[in-house]
Each structure stands twice: as C-alpha cells, then as structure tokens.
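Below are the chains, spelled out letter by letter.
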Amino acid sequence: MWAFIHKLGSPKWFYGISARLSPWFWAAAVVLILVGSAWGLAFAPADYQQGNSFRIIYVHVPAAFLAQSIFVSMAVAGFIFMVWKIKIADMAAAMMAPLGAAMTFVALFSGAVWGVPTWGTWWMWDARLTSMLILLFLYFGVIALRGAFTSRDSASRAASVLAMVGVINIPIIKYSVDWWYTLHQPATFSVTSRPAMPLEMWAPLLIMVLGFYCFFIAVTLMRTRSEILRREASKRWVRELAEEVS
Amino acid sequence: MAFDSLSAFLAMGGHGVYVWAAWGVTGLLLVGVVIHARAERRALLRDLRRRARRAQYHGASGAAAPPISHQEGRARES
Amino acid sequence: MPLFREPEGGAGVAIRATLKRDLVLMMRRRSEVLNPLVFFALVITLFPIGISPDPELLATIAPGLLWVAALLAALLSLDSLFRSDYDDGSLEQLLLSPQPLPALALAKVAVHWLLTGLPLALMAPLLGIMLSLPAGSYAVLSLSLALGTASLSLIGAIGAALTVGLSRGGVLLSLLVLPLYIPVLIFGAGAVQAAILGDGVSAHLAILGALLAVALSLAPWAIAASLRISING
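The structure displayed is predicted, hence computed values, not measured ones. (Residues numbered from 1 in each chain as written. Chains lettered and ligands numbered in written order. Predicted model: local features only at pLDDT ≥ 70, side-chain atom pairs only at ≥ 80, totals over all residues. Heavy atoms only, no water.)

*Asks:* For the pattern of salt bridges, give the residues involved together with the corresponding values.
*Replies:* Considering all chains together, one arrives at 14 salt bridges over all chains under this definition. The shortest N-O distance in the salt bridge between D153(A) and R157(A) comes to 3.6 Å. Note that D153(A) and R157(A) are positioned in helix α6 (residues 152-184) at a spacing of four residues, about one turn of the helix. A salt bridge links D22(C) to R21(C); the nearest nitrogen and oxygen atoms lie 2.9 Å apart. Look at the salt bridges and you will find they share partners, linking D90(A), R146(A), R223(A), E227(A), R230(A), R231(A) and E40(B) into a network. (Salt bridge = Lys/Arg side-chain N within 4 Å of Asp/Glu carboxyl O. Helix = DSSP H or I, 4+ residues; strand = E, 2+ residues; numbered from the N terminus.)

*Asks:* Lay out the packing of aromatic side chains with the relevant residues and their values.
*Replies:* Under the counting rule described, the total for this entry stands at 10 aromatic pairs over all chains. Taking 6.4 Å as the distance between ring centres and 50° as the angle between the ring planes, the aromatic pair formed by W180(A) and Y181(A) counts as tilted. On the basis of relative accessibility, which here comes to 24%, the residue W180(A) falls in the partly exposed class. Centre to centre, the rings of F9(B) and W20(B) are 5.4 Å apart; their planes meet at 80°, and the pair counts as edge-to-face. With a gap of 11 residues between them, F9(B) in helix α1 (residues 6-11) and W20(B) in helix α2 (residues 16-58) connect regions that are remote in the sequence. Judged by its relative accessible area of 17%, F9(B) falls in the buried class. The cationic tip of R225(A) hangs over the ring face of Y15(A); the distance from NZ or CZ to the ring centre is 4.2 Å. (Phe/Tyr/Trp six-rings, centres within 6.5 Å; stacked < 30°, edge-to-face > 60°. Buried < 20%, exposed > 50% of the residue type's maximum accessible area, 1.4 Å probe, protein only. Lys NZ or Arg CZ within 6 Å of the ring centre and 35° of its normal.)

*Asks:* Before we move on, can you summarise helix α2 (residues 30-50) of chain C with the specific residues and values?
*Replies:* Every α-helical turn comprises 3.6 residues, leaving residues that sit three or four positions apart pointing alike. Residues and elements named next belong to chain C. Taking 1.5 Å of rise per residue, 21 residues should cover 30 Å, and α2 covers 30 Å from first to last C-alpha, within 8% of that figure. Looking at α2, one finds that the buried residues are V33, P36, L37, F40, V43, I44 and P48. Check the buried side of α2 and you find it contacts α1 (11-28), α3 (55-78) and α6 (101-130). (Expected span 1.5 Å × (residues − 1). Contact = heavy atoms within 4.5 Å.)

*Asks:* I'd like a rundown of the interface of chain B and chain A, residues and numbers included.
*Replies:* Listed per partner, the contact involves 41 residues of chain B and 53 residues of chain A. Between chain B and chain A, a total of about 4200 Å² is buried, with carbon and sulfur atoms accounting for 71% of that surface. Taken together, the connections running from chain B to chain A amount to two salt bridges. Here R230(A) ties to E40(B) by a salt bridge, and the two come within 2.9 Å at their closest N and O atoms. Here chain B and chain A share six residue pairs in polar contact (both at pLDDT 80 or more) between them. It is α2(B) that contributes the most residues to the side of chain B that touches chain A, 23 residues altogether. (Buried area = accessible area lost by both parts, 1.4 Å probe. Polar contact = N/O pair within 3.5 Å; in protein donor to acceptor, adjacent residues only side chain to side chain.)

*Asks:* I'd love a proper account of unusual backbone geometry, names of residues and values included.
*Replies:* Phi at K85(A) takes a positive value of approximately 55°, unusual for a residue other than glycine. Located in the positive-phi region is S132(C), a residue other than glycine, with phi close to 45°. Relative to the helices and strands, S132(C) resides in the loop between α6 and α7 (138-163).

Pasting the structure below:
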C-alpha cells in the first residue's frame with residue numbers, strides 16, 4: 001500500500017503509467033460521447049411536456065455532474081497533497097480547476113438556453129442554476145488564489161486549503177439554496193426533477209455522463225503529464241524523454 | 001428514430017435554436033479543451049528540445065539552464 | 001535542570017493575552033472599528049436614493065438590504081484582521097509560540113467579531129427604522145446578525161489568512177469569501193423575513209447556530225493552516 005502510494009507519487013512512474021492508460025480513456029470518451037449524442041439527439045423520444053427542447057438535458061446534466069465532481073476531486077487531490085506531500089496530486093488539482101470552471105460554464109449556459117423555451121426567460125434564479133453560479137465563483141476563487149502567489153509551494157498549499165474549505169461548503173450552499181428557492185418560489189416547474197424517465201430517455205443520459213467522466217480523466221491525465229514536463233524540466237529523465245520524442 | 005426527415009431533425013420541433021446552441025457551445029468547448037491540451041503539450045516538448053540543444057551547444061549541463069517560462073503566468077519554483 | 005523554563009500557565013494564559021492585546025490594539029485604532037459601521041450606514045443610505053423612498057417598497061426589501069450591507073461591512077474589515085500583525089512581524093511570533101495556533105487564531109477572530117459583528121448587529125435596528133422595517137422584527141434582526149456575523153468572521157478569517165501575504169489581497173479576499181457567505185445570508189435574511197411574516201424564527205436561528213457550530217469547529221484549523229502557508233511561503 002505505502003509502496004504503491006510512493007510509487008504513484010513519483011512523477012516519472014506516473015508519466016509512464018498515464019501514457020499507457022490515457023488512450024483507453026480517450027477512446028472511451030469519444031465512443032461514449034458520440035453514441036450518447038446520436039442516441040440523445042436523434043433516437044430518444046421527445047418529452048411529452050417540453051418537446052424536443054428537453055434534449056439539452058444530455059449536455060446540461062453531464063456538465064453539471066462533472067462540475068461538482070471536479071471540485072470534489074480537486075479537494076481530494078489537495079488533501080492528498082497536504083497530507084502526503086505528493087506533488088502529482090497538486091499538479092492534477094492545478095490542471096483540473098480550469099476544466100471544472102469550463103464545465104460549470106457549460107452547465108450554466110445550457111441551463112440558461114434551456115430556460116428560454118421552458119420558462120420564457122434566459123435566467124431564472126432557479127435553485128440548480130444559482131448553486132451552479134456560486135460553484136463558478138468558487139472555481140474562480142481557487143484559480144485566482146493559485147495565480148496570486150509568487151512561490152509555487154505556497155500557491156499549491158493555499159489552493160488546496162481553499163478547495164477543501166470549498167468542498168465542505170458545497171453541500172451547505174446547495175441545501176441552503178434549495179431551501180431558499182422552495183421558500184420563495186413554491187411549486188414552479190423544475191426542468192430536471194421529473195417523475196421516472198423511461199429507459200430510452202435515461203440510457204443516453206447515462207452514456208453521456210460516463211463519456212464526460214472519461215473525457216475529464218483523459219484531459220486531466222494529458223495535462224498533468226504536460227505539467228510534469230513543465231515542473232521537472234531540469235530532471236535528467238525529462239531531458240532524455242524530450243530527445244527521444246524529437 | 002424520433003424524426004421523419006433531416007429537416008425535422010434540424011428544426012427539433014421548433015426548438016432547434018436552443019438545442020443546437022446548447023449542444024454547439026458544449027461541443028466547441030470540449031474540442032477547445034482538447035486542442036488547448038495538445039498545443040500545450042507540443043509547446044512544452046518543443047521548449048524542452050530547444051533547451052537540450054542549447055545545453056549541448058554550450059557544453060553545459062541542462063540543469064543550469066533557466067526554467068521553462070510558465071505559459072499561464074504561474075509562479076516559478078520557490 | 002533545563003536552561004529555559006516554560007513560562008507559567010498554558011494555552012489559557014496565551015489565549016487571554018492574545019485577546020487582551022488585540023482588544024487594546026483595536027481600541028487604539030478607533031477609526032478601524034468605526035469604519036465598517038459608517039460604511040454600513042452609508043450603503044443603507046444609498047438604497048432609498050437609488051431605488052425609491054417609498055416606505056412600503058423599502059419595507060419589503062429591508063431584511064435583505066440590511067443583511068447584505070452588514071455582510072459587506074464585515075467583509076470590508078476582514079483585510080485588516082491579520083494585516084498589521086503580518087506587517088510588524090507579530091504574526092510570526094504567534095506562529096512560533098508553543099501554544100496551539102488554532103486557539104490563538106480563534107481568540108483573534110473573537111476580538112474581530114466583538115468589534116465589528118456585534119456593533120453591526122446593535123446598529124442594524126437603527127437603520128431598520130430608516131428603511132421602515134416592520135415592527136416586531138428588530139430583535140430578530142439583531143440576534144440573527146449577531147449569530148451570523150460570528151460565522152462570517154470565522155469563514156472570512158480563512159480568506160484573510162490566505163491572502164495576508166499577498167500585496168493586493170483585498171479584491172481576491174472578497175472573491176474567495178463571498179461565495180462561502182451565501183448560506184449565512186440566506187438563513188440570516190430568512191430569519192428576519194420570517195419574523196415579519198409572523199412565522200416562527202427559531203428554525204432559522206437554530207440553523208444559523210448550527211452553521212456557527214460547524215464554523216467554530218472547523219475554521220480555526222483552516223485559519224491556522226492558512227497562516228502557516230502565508231508566513232512560511
């Protein structure tokens with residue numbers, strides 16, 4: 001167990017193992033997203049209430065899932081970095097943050113676009129959209145804090161602490177926003193909470209969610225490998241690797 | 001198949017603009033992320049090779065070369 | 001026989017000393033204590049001018065306005081929480097002391113709350129009158145602000161500790177801290193709304209108390225870790 005963790009902490013070992021793993025995740029991501037898109041866009045039946053505009057769910061929900069999961073992974077990586085001083089964890093956390101912010105933006109944008117046919121307006125202070133917006137600000141905070149320090153070690157540790165504080169707050173924020181929303185807007189139509197979806201509707205959703213997760217893993221592996229090259233540029237194995245590639 | 005024709009598919013029962021806007025932005029962003037990640041990797045490898053050549057040319061060890069500048073303007077190793 | 005003896009007393013003495021020192025220091029810089037209060041009053045003045053002097057309209061938005069303005073006033077004072085100690089090096093002394101840092105940080109936050117949160121809570125009813133806040137909600141307004149600002153001080157201190165070493169930490173601090181303030185704002189303003197509507201307020205106040213309990217149990221450790229990052233970095 002400990003040997004494994006220490007091995008995982010070695011950038012060189014991680015660089016090698018991630019090179020072997022990442023093609024699988026890329027392939028899975030492409031296949032799942034393509035299949036899910038075709039199924040969701042063309043084959044799933046239209047919703048009896050919302051018609052075809054409900055097909056936005058197939059990008060909105062996976063993006064929203066990913067946005068939250070990435071923040072949690074970032075906090076877990078931060079915890080690993082703070083406790084065991086494993087640099088790879090911090091590199092991964094640093095690379096995850098912009099992707100998480102991008103996914104939060106996608107969820108917000110698709111939610112806003114979805115609002116036009118559903119609510120007749122681009123923006124509603126809907127519980128889900130509001131907590132997504134707050135999540136976006138949390139991402140901005142982590143990214144900005146990391147960028148503000150001149151020393152990399154301080155930046156890493158500060159971002160880790162903030163990610164952990166944020167992840168404790170996310171459920172609290174989520175529940176308080178839900179509570180606030182039900183208090184002020186009783187019995188409005190919520191876009192995604194619906195009585196049991198038929199299989200033909202949720203199967204493509206599941207495929208899309210899995211595809212987005214694979215995409216996240218693949219991108220994070222790739223960018224973490226780049227980050228290793230950047231931070232370990234003066235190590236011998238990195239120099240040899242660069243010559244090999246050329 | 002939920003649609004009879006290609007035009008019906010594109011129209012999405014009158015909601016085409018919204019569906020395609022949401023899907024389009026999502027798709028563009030995913031592709032953009034991949035392109036950015038690839039460009040970043042290429043630039044880093046090119047930089048590493050340049051450093052290796054410079055080290056050979058000067059006959060000095062690469063470790064003495066200055067660290068790679070940060071693409072995203074982040075801090076240098078403390 | 002060791003060369004240097006441990007000073008008499010333990011953590012209790014250190015905490016009391018920190019409390020006393022911070023109180024004395026803050027009382028010497030009265031303007032720093034008064035600034036958030038003046039800011040609070042000013043912001044509240046801006047709203048009737050910007051929206052409308054109509055008492056009915058003001059009464060409906062008063063709970064939210066008062067809470068948001070108090071929250072911003074508390075935020076304004078956060079940057080100075082560790083700043084002067086950082087500048088004159090006494091923060092480093094605090095870190096070097098053998099006493100548990102979370103407890104000492106908690107003492108500093110307590111002083112901050114005593115001199116910003118509590119005065120804001122006491123002043124809020126006065127501004128409530130100016131916004132024609134319905135009668136019967138004044139006590140709840142004060143109580144919810146007193147409870148809520150304690151959580152705000154604790155959460156804000158994490159942000160202040162993270163940014164104290166940065167030269168332009170002010171704007172960053174608000175970016176870090178404001179999203180974390182949202183639950184407190186929701187339940188604080190909610191308590192005042194409930195009091196106006198005549199609903200029970202005990203649920204809101206209980207949740208504010210629960211938030212404070214969570215903040216009290218976790219924030220001191222986060223503040224201590226953040227201070228270590230800012231000083232050693």
